[in-house]
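Each chain, letter by letter, is given below.
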Amino acid sequence: MVNKVSFTESEEESLKLAHQELMKGRVVAIPTETVYGLAANAFDEQAVNQIFALKKRPAYNPLIVHIGRKEQVEELAQNIPATAHRLMEAFWPGPLTLLLHKKNSVGDRITAGKSTVAIRMPNHRLTLALLQKLPFPLVAPSANRFNHISPTQPEHVRLSLGANAPFILDGGACTLGIESTIIGFSGDKPVLYRWGALSREDIEIVAGPLTLQELDENDIRSPGQLKKHYAPHTAMEICSNIPRRLKSLENQRVGLLLWTRRPALDHEPQMVLSPRGDLNEAAHHLFAALHRLDQMDLDMILAEPVPDRGVGQAINDRLRKASAR
Ligand code: TXA
Ligand code: MG
């Protein structure tokens, strides 16, 4: 189905530029509903190589293929489980990535030699229009340097990649603000590989109970599972009793990342993820707040965990990885 959305003149102009760059085998930063991605032609090995170079991403870390129409999944994957079809129907376009048996059309560079390929259909009006105009799907990792904080605004892409930043298709701030949930399959049974913007609860309604893929350091199936990831340069710690920890850090410059408003906590700087205590709002603000705190030249960031339900599970996962040493 072709997108019938209308665009402003400047959006049309940017879409045209992005299209031209990608057709030439170049990399373009694209907005999605989760985070910004660094995109290139999935069927052009040189273009794919540029992404690894720009991100300083190790070759063992496979990429997600982004499509603009659900039917494209058949060009990339085979033996697709029935549960996977149900999930696509329910959640695409949206923040869900599926690990499926790859076809030969998908190069080994993309999958890092694995037999599965990660596929998702993102839900952003500009990027969907772009994907629907291109004669190929796009591989796109998050548009940050490897292991650093993910970008949810064009400015974050510039900050993270500096002079190496490619053309950025400006789609504003990402609405969801946290990466897609990654689901693989054991037979027809869903397996969670990465916590993400689509909640476990929502997935289980459609796919039944999820099992969690145990982290095995020697077999990095999903580097989103790496212990340290999504990390600021500043040291960070998760802490549920912030007033007490602040006392023990008296001589240091400490910034707070709070889940919700704490009127009694008279300390600056502090960033509140959701003044009204809403997990979706917290997810939307998470990476931008981390970027801000990371630029304040602090000795330490103290982060308060959020309630561990819905997208809160993904937020807590990112906080743990950002604070791992
Ligand atoms: O929301 C998102 O998923 C964003 C936007 C741009 O779409 N993309 C994103 O890509 O987060 P990236 O590369 O930062 O994270 C993709 C994760 C990595 O941890 C990678 O290891 C995993 O997906 N992955 C990709 N292909 C895989 C495969 N075949 N098997 C296991 N894990 C895979
Ligand atoms: Mg990433």
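Refer to the structure presented above.
Residues numbered from 1 in each chain as written. Chains lettered and ligands numbered in written order. Predicted model: local features only at pLDDT ≥ 70, side-chain atom pairs only at ≥ 80, totals over all residues. Heavy atoms only, no water.

**Focus on the pattern of salt bridges**
Then comes step 1: Across all of its chains, the model carries 14 salt bridges by this definition.
Then comes step 2: As a salt-bridge pair, arginine 26 and glutamate 21 come within 2.9 Å of each other at their nearest N and O atoms.
Then comes step 3: Since its relative accessible area comes to 38%, arginine 26 is described here as partly exposed.
Then comes step 4: Note that arginine 158 is salt-bridged to glutamate 155, the shortest N-O span being 2.8 Å. A residue pair is termed a helical-turn pair when its members lie 3 or 4 positions apart in one helix, as arginine 158 and glutamate 155 do in helix H7 (residues 154–161) at three residues.
Then comes step 5: Several salt bridges converge on common partners, so that one network encompasses Glu179, Asp317, Arg318 and Lys321. (Salt bridge = Lys/Arg side-chain N within 4 Å of Asp/Glu carboxyl O. Buried < 20%, exposed > 50% of the residue type's maximum accessible area, 1.4 Å probe, protein only. Helix = DSSP H or I, 4+ residues; strand = E, 2+ residues; numbered from the N terminus.)

**Description of the sheet that holds strand S13 (residues 254–258)**
Then comes step 1: In spatial order, the strands read S12-S15-S13-S14; together these four strands make up an open sheet with parallel pairing. Unpaired on one side and paired on the other, strand S12 (236–238) and strand S14 (270–272) mark the two borders of the sheet. The mean angle between the axes of side-by-side strands here comes to 15 degrees, regardless of whether they run parallel or antiparallel.
Then comes step 2: The pairing of S13 with strand S15 (residues 300–303) spans four bridges and is classified as parallel. (Pairing = 2+ DSSP bridges. Axes fitted to C-alpha atoms, helices over the stretch in contact; angles between N-to-C directions.)

**Let's talk about the nonpolar core**
When a protein is soluble and globular, its nonpolar side chains tend to lie buried together.
Then comes step 1: Ranked by size, the top nonpolar core spans 73 residues in total, and within it Leu98, Leu100, Leu257 and Ile315 carry the most contacts.
Then comes step 2: A per-element tally of this core places helix H10 (residues 279–294) first, with eight residues.
Then comes step 3: Composition of this core by domain shows at least three residues from each of domain 1 (2–212) and domain 2 (236–323).
Then comes step 4: In contact with isoleucine 315, not counting residues within four places along its chain, are Ile178, Leu279, Ala282, Ala283, Leu286 and Val306.
Then comes step 5: Listed in part, the 16 residues of the second largest apolar core include Val28, Ala39, Ala129 and Phe136. (Core = buried A, V, L, I, M, F, W, Y, C linked by side-chain atoms within 4.5 Å. Domains from an automatic or database assignment. Contact = heavy atoms within 4.5 Å.)

**Focus on the packing of helix H1 (residues 9–23) against helix H6 (residues 125–133)**
Then comes step 1: Two elements in contact, H1 and H6, have axes separated by 10 Å at closest approach and are oriented at 45 degrees. By the angle between their axes, H1 is oblique relative to H6. You can see that H1 and H6 cross each other, and the crossing is right-handed. Contact residues: H1 offers Glu11, Leu15, Ala18, His19 and Leu22, while H6 offers Arg125, Leu126, Ala129, Leu130 and Lys133.
Then comes step 2: Looking at the contact of H1 with H6 residue by residue, the class counts come to six nonpolar, one polar and three charged. (Parallel < 35°, antiparallel > 145°, perpendicular 65-115°, else oblique. Left-handed = near helix turned anticlockwise from the far one by under 90°. Nonpolar A, V, L, I, M, F, W, Y, C, P; charged D, E, K, R; others polar.)

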